[in-house]
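Close look at the chain arrangement
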Amino acid sequence: MEQTNDEKEVSYKRVDDLVLRMLEPPGAGWAILLLTCLFCVGIGAYSWTLQILFGIGESGKSHPISWGFYITNFVFWVGIAHSGTLISAVLYLFRARFRNPIYRLAEAMTVFAVLTAGLFPLIHLGRPWFFYWLMPYPNERALWPNFRSPLLWDVFAVSTYLTVSATFFIVGLIPDIAICRDRAKTMFRKVLYTVTSLGWSGNMGQWKHYTSAYLLFAAFAAPLVVSVHSVVSWDFAMSIVPGWHATIFPPYFVAGAIFSGVGMVITLIIPLRAAFGLHELIRPVHFDAMSKLIMLTSGVVTYAYVTEFYVAWFSNNPYERFQFWFRPFGDYWVAFWGMAICNCMFPLLLWIKRLRTNIAFLFVLSIFINIGMWLERFNIIVQSLAREYIPAAWGEYNYSMVDFGITIGAFGWFGMWMTLFIKFFPAVSAWEIKEILPVPNRNKEHH
């Protein structure tokens, strides 16, 4: 019986051909996708310009909901960034082989998601040109940030995460960029890859030091999976707002971040696999493994939801009890039940084995996961602020077209960087796929 593409083993040369095929001159589809992303970025830029010209009142922020779409988007994009570090660093340390064809795209997603998340604290300021007030530097006005504020912790956590994840990402690219350099057909690409490959020749000495350094970076980046989103959760947990003041937030946020990040990886990798014919490299077994990771993290997130309600009831605190009654039955009940269905109920379908490798189903499910995790952050932020302690201070969120425009612009910004990346740099790691090839196929060609 003839083997299918998903069953065939590939050789070194075949891996190079498949990976480099993605870097061929762009076609109409790629150009349309890039223009669509740029159009969305334009919508976001126009909306932000309106806010700067006419004031922060153009957004939906109002008393008592001083955090709205902007911090919802900030937490969402920081969460999206987390699965990249999990797949690239943590699973590398555990030698999980299913990560090899997918981790490069996850790493790129991490870097670009952090770049997207970093925009929202600036947008949220209202006067972004004063962002440097957050930095602890000597000045004649004696302006020093409050180091006890979780908001300042965000500055250090996110900047550290961006630095480490970008370094890890660039280091992992070097051997594959050298392959691109050796087979580049245009002067622009030849120069680009010669500079970015940093003189890589692939000799034994380089590989020895490279693998040691890569392991060190992985070990250094792994704790960030826990630490960074724990710091983001302290923005909420350190306050006394009903629905926020909870010790469960750090593990709850970390599990939710991994859950949403894996969902975004599937959302990105399925179209990439179809567009460039990567069926020989990204196989059903990889989707099966990612589906199991979704099942695990969805279970943890569901447990956290239930625990929140139980603790609110068991505490006998009337404010906590009211907050968790308001979420499913109050003014924003649609957001709560949308979150519960997308994050808790739909992933249960993955217990059906054939659905774990059904590409169309996984793509739809991943989109629902992204929607559900955005709604989760909306529930935590908007609903808790809408109903605090004093009824006289209650209020509703004033939805604004500026909010929606900047949110659309954020997705366009992220998509723009991803679209450019997959056309100029290898989105699949050739050298790590070669590491797990069967021995007979390793010896078919000399690389």
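Scroll up to find the structure this text is about.
Anyway, here's the lowdown on the structure attached to this text. (Residues numbered from 1 in each chain as written. Predicted model: local features only at pLDDT ≥ 70, side-chain atom pairs only at ≥ 80, totals over all residues. Heavy atoms only, no water.)

**With respect to the overall build of the chain**
- Within the chain one finds 16 helices and zero strands.
- Scaling as 2.2 N^0.38, a compact globule of 447 residues should have a C-alpha radius of gyration of about 22 Å, and the chain matches this with 23 Å.
- Along the first, second and third principal axes, the C-alpha atoms of the chain reach 75 × 60 × 40 Å.
- The proportion of buried residues among the 447 residues of the chain is 54%.
- Total accessible area on the chain is roughly 20,700 Å²; 72% of this is exposed by carbon and sulfur atoms.
- Side-chain charges in the chain split into 32 positive and 26 negative, and the spacing between the mean points of these groups amounts to 6 Å. (Helix = DSSP H or I, 4+ residues; strand = E, 2+ residues; numbered from the N terminus. Rg over C-alpha atoms; globule rule 2.2 N^0.38 Å. Buried < 20%, exposed > 50% of the residue type's maximum accessible area, 1.4 Å probe, protein only. Areas by Shrake-Rupley, 256 points an atom, 1.4 Å probe, with all protein chains shown as cover. Lys, Arg positive; Asp, Glu negative; His and termini not counted. Charge placed at Lys NZ, Arg CZ, Asp CG, Glu CD.)

**Topic: the side chain of S291**
- Within the element layout of this structure, S291 appears in helix α10 (residues 284-314).
- Of note is the side chain of S291, whose polar atom sits 2.8 Å from the backbone oxygen of F287.
- Contact partners of S291, with chain neighbours within four places excluded, come to L350, R356 and L362. (Polar contact = N/O pair within 3.5 Å; in protein donor to acceptor, adjacent residues only side chain to side chain. Contact = heavy atoms within 4.5 Å.)

**Brief notes about a nonpolar patch on the surface**
- A cluster of nonpolar side chains, W325, F329, W333, V334, W337, I341 and M345, forms an exposed patch at the surface whose accessible area comes to about 770 Å².
- Looking at the nonpolar patch element by element, the count peaks at five residues for helix α12 (residues 333-345).
- For F329, a relative accessible area of 54% gives the class exposed. (Patch = residues over 30% accessible without salt bridge, like charges linked within 9 Å, V, L, I, M, F, W, Y side chains within 5 Å. Salt bridge = Lys/Arg side-chain N within 4 Å of Asp/Glu carboxyl O.)

**A word on the packing of helix α11 (residues 318-329) against α12**
- Orientation of α11 relative to α12, taken along the N-to-C sense of each, is 85°, at an axis distance of 6 Å. With respect to α12, the element α11 is oriented roughly perpendicular. On α12, the residues touching R327, P328 and F329 of α11 are W333, F336 and W337.
- Split by residue class, the contact of α11 with α12 holds five nonpolar, no polar and one charged. (Axes fitted to C-alpha atoms, helices over the stretch in contact; angles between N-to-C directions. Parallel < 35°, antiparallel > 145°, perpendicular 65-115°, else oblique. Nonpolar A, V, L, I, M, F, W, Y, C, P; charged D, E, K, R; others polar.)

**Points about unusual backbone geometry**
- Across the junction of H63 and P64, the peptide omega takes the value 5°, indicating a cis bond.
- Counting through the fold element by element, P64 comes out in the loop between α2 (28-54) and α3 (69-93).
- Although it is not a glycine, L198 sits at a positive phi angle of roughly 55°.
- Here L198 shows up in the loop between α7 (187-196) and α8 (204-237).
- Taking relative accessible area as the criterion, L198 reaches 62% and is therefore assigned exposed.

**What about the packing of aromatic side chains?**
- Taken as a whole and judged by the stated rule, the model has 56 aromatic pairs.
- Taking the centre distance of 5.9 Å and the plane angle of 15° together, the rings of Y210 and Y214 count as stacked. Remark: Y214 and Y210 occur in helix α8; sequence separation between them is four residues, near one turn of the helix.
- Classification of Y210 as buried rests on a relative accessible area of 7%.
- Relative to Y252, the ring of F249 has its centre 5.7 Å away and its plane inclined at 85°; by these criteria the two rings are edge-to-face. Of the two residues, F249 and Y252 are both situated in helix α9 (residues 249-276); the distance of three residues between them amounts to about one turn of the helix. (Phe/Tyr/Trp six-rings, centres within 6.5 Å; stacked < 30°, edge-to-face > 60°.)

**Here's the deal with the nonpolar core**
- In this structure, W77, F236, L278, L281 and F421 are the most contacted members of the largest nonpolar core, which totals 135 residues.
- Counting residues per element, this core draws most heavily on α3, at 16 residues.
- Excluding residues within four positions of it along the chain, F421 makes contact with R104, A108, F112, F169, L173, P426 and A427. (Core = buried A, V, L, I, M, F, W, Y, C linked by side-chain atoms within 4.5 Å.)

**Concerning the pattern of salt bridges**
- If you walk through the whole model with that rule in mind, you get 12 salt bridges.
- D331 serves as the salt-bridge partner of R387, at 2.9 Å between the closest nitrogen and oxygen. With R387 in the loop between α13 (359-386) and α14 (401-424) and D331 in the loop between α11 and α12, this residue pair connects regions lying 56 residues apart in the sequence.
- Taking relative accessible area as the criterion, R387 reaches 9% and is therefore assigned buried.
- Between E396 and R387 there is a salt bridge, with its nearest N and O atoms 2.8 Å apart.
- For E396, a relative accessible area of 34% corresponds to the partly exposed category.
- When salt bridges with common partners are traced through the structure, they connect K13, D17 and R183 into a single cluster.

**Quick notes on the state of the cysteines**
- This model, assessed by the stated rule, comprises zero disulfides.
- The cysteine C344 is free of any disulfide, with C342 supplying the nearest cysteine sulfur at 9.5 Å.
- For C344, a relative accessible area of 13% gives the class buried. (Disulfide = S-S within 2.5 Å.)

**What about the side chain of T407?**
- Examined against the element boundaries, T407 turns out to sit in helix α14.
- Setting aside its immediate chain neighbours within four residues, T407 contacts F69 and N73.

**Section: α12**
- Compared with the 18 Å implied by 1.5 Å per residue over 13 residues, the 17 Å span of α12 between its first and last C-alpha is a close match.
- For α12, the full list of buried residues reads A335, F336, G338, M339, A340, C342, N343 and C344.
- Where α12 is buried, its residues meet α9, α10, α11 and α13. (Expected span 1.5 Å × (residues − 1).)

**What about the environment of L105?**
- Note that L105 resides in helix α4 (residues 103-117).
- Through-space distance from the C-alpha of L105 to that of I87 is 9.9 Å; in sequence the pair is 18 residues apart.
- Dropping the residues within four chain positions of it, L105 is found in contact with L268, I269, L272, M418, I422 and A427.

**Some words on the environment of W234**
- Within the fold, W234 resides in helix α8.
- Under the relative-accessibility criterion, W234 is labelled partly exposed at 32%.
- Those residues in contact with W234 that sit more than four places away from it in its chain are P150, W153 and P250.

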